[in-house]
Amino acid sequence: MKTFLMVVLAIASIILIASILLQSGNSAGLSGSIGGGAEQLFGKKKSKGYEAILSRIATVAAVCFIVVSLALVTIE
């Protein structure tokens, strides 16, 4: 059981790292954070497309990583 959870943890961590690295970054600097907030509020919605899929994959991998990590801690 412990070995299986360790393998799942390794797979979840690799998927999490890959999905975060493949996401596009926000604009750099203070002006980018201000402009990005306004753009996110009023402008482009990222509900569909490549970035939304990567965001969902990262969220699922992060939840899986946390749950498996807590399970491994309780087993030991």
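Residues numbered from 1 in each chain as written. Predicted model: local features only at pLDDT ≥ 70, side-chain atom pairs only at ≥ 80, totals over all residues. Heavy atoms only, no water.

Draft legend 1. Looking closely at a nonpolar patch on the surface. Together, V7, I11, I15, I53 and I57 make up an exposed nonpolar region whose accessible area comes to about 420 Å². If one sorts the elements of the nonpolar patch by residue count, helix α1 (residues 2–22) sits on top with three residues. Among the structural elements, V7 can be located in helix α1. (Patch = residues over 30% accessible without salt bridge, like charges linked within 9 Å, V, L, I, M, F, W, Y side chains within 5 Å. Areas by Shrake-Rupley, 256 points an atom, 1.4 Å probe, with all protein chains shown as cover. Salt bridge = Lys/Arg side-chain N within 4 Å of Asp/Glu carboxyl O. Helix = DSSP H or I, 4+ residues; strand = E, 2+ residues; numbered from the N terminus.)

Draft legend 2. Representation of the side chain of S19. Topologically, S19 is positioned in helix α1. Setting aside its immediate chain neighbours within four residues, S19 contacts L54, I57 and A58. (Contact = heavy atoms within 4.5 Å.)

Draft legend 3. Quick peek at the pattern of salt bridges. As enumerated under the stated definition, the model contains one salt bridge in all. Note that E76 and K2 form a salt bridge whose closest N and O atoms lie 3.4 Å from each other. Taken together, the residues span a long stretch of sequence, with E76 in the segment after α3 (50–75) and K2 in helix α1 at a distance of 74 residues. Residue E76 is classed as exposed on the basis of its relative accessible area of 67%. We classify K2 as partly exposed; its relative accessible area is 40%. (Buried < 20%, exposed > 50% of the residue type's maximum accessible area, 1.4 Å probe, protein only.)

Draft legend 4. Highlighting the environment of A58. Within the secondary structure, A58 sits in helix α3. Here A58 falls in the buried class, since its relative accessible area comes to 11%. C-alpha separation for the pair A58 and A12, spaced 46 residues apart in sequence, amounts to 9.4 Å. When neighbours within four sequence positions are excluded, A58 is seen to be in contact with L16, S19, I20 and Q23.

Draft legend 5. α1, seen in detail. The end-to-end C-alpha distance of α1 is 30 Å, a good match for the 30 Å that 21 residues give at a rise of 1.5 Å each. When α1 is considered as a whole, its buried residues turn out to be L5, L9, A12, L16 and S19. The arc enclosing the buried residues of α1, seen along the axis, measures out at 105 degrees, which places them on a common side. What points out from α1, more than 90 degrees from its buried face, is the exposed set T3, I14, I17, L21 and L22. Here the buried face of α1 lies against α3. (Expected span 1.5 Å × (residues − 1). Arc of directions from axis to C-beta.)

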